[in-house]
Amino acid sequence: MTTTYDFDREIGRQGTWSVQWDGIADRFGVGELLPFTISDMDFASPPEVLRALRERVDHGVFGYTDWRLGDFREAVRDWYATRHDTAIDVSALVYAPSVLSQLSQLLQMWTEPGDGVVVHTPTYDGFRKAVTGLGRELRGVPVGDTGALEAELARPDSRMLLLCSPHNPTGRVWREEELAQFARLAERHGVAVVSDEIHADLVAEGRVHVPWTRIVEPGHGARWALITSGTKAFNFPALTGSYGIVGDPEERAAFVRRMETGEGLASPAVLSLTAHIAAYRQGGPWLDELRAYVAGTMRLLEERLAAGLPGVTWTPPQAGYLAWIDLRPLGIAEDALQRELVEVEKVAIMPGGVYGTPGFVRLNVGCPRKKAERGVDALVRAATRLRTT
């Protein structure tokens, strides 16, 4: 495959206020670790995005902006048409600083303190913080257990099904029939649905992401929302910015009122709009090469884990750059593994307990391959020492 973009180039991130690199001591208690943690990438954003940002900065005026003016909505519409074979009604779009800020507003609109919010386990830790931080009860069901899912949705005080599609941290891409079943169960039990689809553009070759809007059409009376952003796939989360689709027009208007009046967020960050438009108009080739590069790194992980940790069966995820690895067959205590990784190997890898499933690790390989090699080799060495002692 002929490549245009250099994903092997290492870019120093220390001293850039990076959560992953400069904030490592906040989570692991030790600085100077090689991090494989929070889900951003070590790659520069597409050059097409950087060029658009430079041109906008050179304009020099950064007054109040309106996301409904200009090309933003049309860029989203065209992206979904070409990348996801899905028609988007631009009048159904909403905007917010982040996916989690959208979730926070929807939780406050559609649930009350004490209500249950059903999620799949393992669970992205941002969901747990948002849900419990607002006084709602997080109710987890294992990925793939439809019986447990219906049982939780049927509880009288369950008010929302919160999906991660594709799923973080497992990387699972939900099939259309699975999503349709979720929709039927939610409707049967009168439960709202929020589908976080920020990882949608990172599906692996041969996998197909099905947006929630293809499952339940806008205008349907049920409460549902799709929330997403281009910041994950094109690696500009620090620019902020997200968008969504709220199905019911009255609920949509209520969401917009909350954001623009109650939250005072009528004007979005202009550089976020600029980056999204450039990414969706010109970033497709970069994204395709990124996905191929990450797939190659995942194959490397598969080989090294198979060779170095017999008994651990792992296959690359269906989406994303996060490797969710089950180490339970080794019988290693999570705290002991973390001490070995941090104190001996000097690497930071997220423990599964953060996502409610001890015994796993989540290894971020959205990075140059040499760094990924260091991470998986450190994991193999640490686990091997603990398994044999």
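Here's what I pulled together on the structure shown here. Each chain carries its own residue numbering, running from 1 in the direction its sequence is written. Predicted model: local features are reported for residues with pLDDT of at least 70 only, side-chain atom pairs are reported and counted for 80 or more only, and whole-chain, interface and lining totals are derived from all residues. The basis for every side-chain value is the complete set of non-hydrogen atoms in the structure, without hydrogens or water.

1. Quick word on the nonpolar core
Core analysis: the biggest nonpolar cluster contains 86 residues, and Trp212 and Ile325 have the highest contact counts within it. Counting residues per element, this core draws most heavily on helix H11 (residues 284-308), which supplies nine residues. When neighbours within four sequence positions are excluded, Trp212 is seen to be in contact with Leu163, Leu179, Phe182, Ala183, Val193, Ser195, Glu197, Trp224 and Leu226. We call a set of buried residues a nonpolar core when its members are Ala, Val, Leu, Ile, Met, Phe, Trp, Tyr or Cys and they connect through side-chain atoms within 4.5 Å of each other. Note on classification: 1.4 Å probe, protein chains only; a residue is buried when its accessible area is under 20% of the maximum for its type, exposed when over 50%, partly exposed between these limits. Core analysis: the next-biggest nonpolar cluster, separate from the first, contains 25 residues, Val99, Trp110, Ile198 and Val246 among them. By the criteria applied, helices consist of DSSP H or I runs no shorter than four residues and strands consist of E runs no shorter than two, each listed in order from the N terminus. Contacts were defined at the residue level, with two residues in contact if any of their heavy atoms lie within 4.5 Å.

2. Some points on helix H12 (residues 334-345)
Over its twelve residues, H12 runs 15 Å from end to end, which matches the ideal 16 Å to within 8%, given 1.5 Å per residue. Taken as a whole, H12 has its buried residues at Ala336, Leu337, Gln338, Glu340, Leu341, Val342 and Glu345. In the segment just after H12, Lys346 is the residue with positive phi, at about 60 degrees. Working rule for helices: expected span equals 1.5 Å times residues minus one.

3. Regarding the packing of H12 against helix H13 (residues 369-387)
In the contact formed by H12 and H13, the axes pass within 9 Å of each other and the chain directions differ by 125 degrees. Looking at the two axes, H12 sits oblique to H13. In the packing of H12 onto H13, the handedness of the crossing is right-handed. Taking contact as the criterion, the partners of Ala336, Leu337, Glu340, Leu341, Val344 and Glu345 in H12 are, on H13, Ala378, Leu379, Arg381, Ala382, Ala383, Arg385 and Leu386. Each residue belonging to the contact of H12 with H13 can be placed in one class, and the counts come to nine nonpolar, no polar and four charged. For helices, the fitted line uses only the C-alpha atoms of the stretch in contact; every axis is such a line through C-alpha atoms, and the angle between N-to-C directions lies from 0 to 180 degrees. Throughout, the term roughly parallel applies to angles under 35 degrees, roughly antiparallel to angles over 145, roughly perpendicular to angles from 65 to 115, and oblique to all others. A crossing counts as left-handed when the near helix is turned anticlockwise from the far one by less than a right angle, and as right-handed when that turn is clockwise. Polarity classes work like this: nonpolar for Ala, Val, Leu, Ile, Met, Phe, Trp, Tyr, Cys and Pro, charged for Asp, Glu, Lys and Arg, and polar for all others, with Gly in that last group.

4. What to know about the sheet that holds strand S7 (residues 224-228)
Picture the strands of a sheet paired through backbone hydrogen bonds; they go either parallel or antiparallel. Strands qualify as paired when DSSP identifies two bridges or more between them. Ordered in space as S2-S8-S7-S6-S5-S3-S4, the seven strands form an open sheet in which the pairing is mixed. On the outer flanks of this sheet lie strand S2 (93-96) and strand S4 (137-142), each paired with one strand and no other. Adjacent strand axes in the sheet meet at a mean angle of 25 degrees, parallel and antiparallel pairs treated alike. Bridge analysis of strand S6 (residues 192-196) against S7 gives four bridges, and the strand direction is parallel. In the sheet register, Asp196 faces S7, and the bridge partner there is Ile227. With respect to the sheet, helix H6 (residues 146-153) is in contact with strand S3 (116-121), S4 and strand S5 (158-164), its orientation differing from that of S4 by roughly 160 degrees. In the packing of helix H9 (residues 249-262) onto the sheet, contacts are made with S2 and strand S8 (242-246), and the angle to S2 comes to roughly 20 degrees.

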